[in-house]
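Structure assessment
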Amino acid sequence: DVKVTQSSRYLVKRTGEKVFLECVQDMDHENMFWYRQDPGLGLRLIYFSYDVKMKEKGDIPEGYSVSREKKERFSLILESASTNQTSMYLCASSSTGYGNTIYFGEGSWLTVV
Amino acid sequence: KQEVTQIPAALSVPEGENLVLNCSFTDSAIYNLQWFRQDPGKGLTSLLLIQSSQREQTSGRLNASLDKSSGRSTLYIAASQPGDSATYLCAALRYGGSQGNLIFGKGTKLSVKP
């Protein structure tokens, strides 16, 4: 069965802390994504990776960076967390090609205080 | 710029009713359109994917249609059940750029009353 695992479901961090959100997929997918979801704004793409060490900015990359050192793992990094980064973060993956289903993890709820 | 709209934002129906959820998109140049379900506090689960060359897809009690010319997709749920209560989102994968160009609607929150 397809699985995208986000290691932390709930996190509380202080303003200015460096935060790592980890995501692992077991489907050998080339593509991995990080979204954030906020009430009234829907899902917005932060970063996208189509291969190891490759990344593309999404719609809202400011304040975030990513790392993809291995195919199965995609990390989202908040260099200096701020309260406006309090949100639900969703990781997803898909195989290469434009007709393929995208699979999501369970989400990570981040609160920055 | 592609925009995806879902109306209504919320819908409440009695159990057993057949219902239709609507999704509209502004740019007909799409690769595919996907429907997802999201339970409270959880991630998204893919329900159906319709390629741009297709008109509809079916899975069990769900049927999704796509009309690119009018910029519309519908998700039909037959004989609704309380377990269908969730938020349903549609997303269009637009041409050009990378495979990250998946644009989501804000969803329709469905409540099925026993």
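Along each chain, the written sequence defines residue order, and numbers are assigned to residues from 1. As they are written, the chains are lettered A onward and the ligands numbered 1 onward, keeping that order. Confidence filtering applies because this is a predicted model: local features only for residues at pLDDT of at least 70, side-chain atom pairs given and counted only at 80 or more, and all residues used for totals across whole chains, interfaces and linings. With hydrogens and water stripped out, all remaining heavy atoms of the structure feed into the side-chain values.

Before going further, it helps to examine the interface of chain B and chain A. Contact with chain B, which involves 21 residues of that partner, is made by 26 residues of chain A. Summed over both partners, the interface of chain B with chain A buries about 1900 Å², with 55% contributed by carbon and sulfur atoms. We count a salt bridge whenever a side-chain nitrogen from Lys or Arg sits within 4 Å of a carboxyl oxygen from Asp or Glu. The interface formed by chain B and chain A includes 0 salt bridges. Contacts described as polar in this section are N or O atom pairs within 3.5 Å, which, within protein, must combine one atom able to donate a hydrogen with one able to accept it, while residues neighboring in sequence count only if both atoms come from side chains. Taken together, the connections running from chain B to chain A amount to 3 residue pairs in polar contact (both at pLDDT 80 or more). Elements with a contribution of two residues or more to the side of chain B that touches chain A: strand 4 (30-38), strand 5 (44-51), strand 9 (86-94) and strand 10 (102-104) of chain B. The secondary structure listing takes helices from DSSP runs of H or I that are at least 4 residues long and strands from runs of E that are at least 2 residues long, numbered from the N terminus. Looking at which element gives the most residues to the side of chain B that touches chain A, the answer is strand 4 of chain B, with 5 residues. Polar here means any residue outside two lists: the nonpolar Ala, Val, Leu, Ile, Met, Phe, Trp, Tyr, Cys and Pro, and the charged Asp, Glu, Lys and Arg; Gly therefore counts as polar. Looking at the side of chain B that touches chain A residue by residue, the classes come out as 8 nonpolar, 11 polar and 2 charged. What makes two residues a contact is simply this: any of their non-hydrogen atoms within 4.5 Å. Defined here as a combined quantity, buried area equals the accessible surface (1.4 Å probe) lost by two parts on assembly, summed across both.

Let's shift gears to the pattern of salt bridges. Residue and element names in this part refer to chain A. Evaluation of the coordinates by the stated rule reveals 8 salt bridges over all chains. Between Arg44 and Asp38 there is a salt bridge, and its shortest N-O distance comes to 2.9 Å. Buried, partly exposed and exposed residues are distinguished by accessible area as a fraction of the type maximum, computed with a 1.4 Å probe on protein chains only: under 20%, between the cut-offs, and over 50%, respectively. What makes Arg44 partly exposed here is its relative accessible area of 23%. Overall, the relative accessible area of 11% leaves Asp38 in the buried class. Taking the shortest distance from any N to any O, the salt bridge between Lys53 and Glu69 comes out at 2.5 Å. You can see Lys53 sitting in the loop between strand 5 (42-51) and strand 6 (54-57) and its partner Glu69 sitting in strand 7 (residues 64-70), a full 16 residues away along the chain. According to the relative accessible area criterion, Lys53 is exposed, its value standing at 57%. Glu69 sits in the exposed class, given a relative accessible area of 51%. Beyond isolated ion pairs, a larger network of salt bridges with shared partners links Asp28, Glu30 and Lys71.

We now examine the state of the cysteines. Note on terminology: pairs of cysteine sulfur atoms within 2.5 Å are recorded as disulfides. Tallying each qualifying case throughout the model produces 2 disulfides over all chains. Covalent S-S linkage joins Cys23 of chain A and Cys91 of chain A, the inter-sulfur distance amounting to 1.9 Å. Around the S-S axis, the bridge from Cys23 of chain A to Cys91 of chain A shows a dihedral of about -80° and counts as left-handed. In this pair, Cys23 of chain A sits in strand 3 (residues 19-25) while Cys91 of chain A sits in strand 9 (residues 87-94), placing the two residues 68 residues apart along the sequence. No difference in accessibility class separates Cys23 of chain A from Cys91 of chain A, as the two residues are buried. Each sulfur in the disulfide pair Cys23 of chain B and Cys90 of chain B lies 2.0 Å from the other. Across the disulfide from Cys23 of chain B to Cys90 of chain B, rotation about the S-S bond amounts to roughly 80°, and the bridge is consequently right-handed. In this pair, Cys23 of chain B sits in strand 3 (residues 19-25) while Cys90 of chain B sits in strand 9, placing the two residues 67 residues apart along the sequence.

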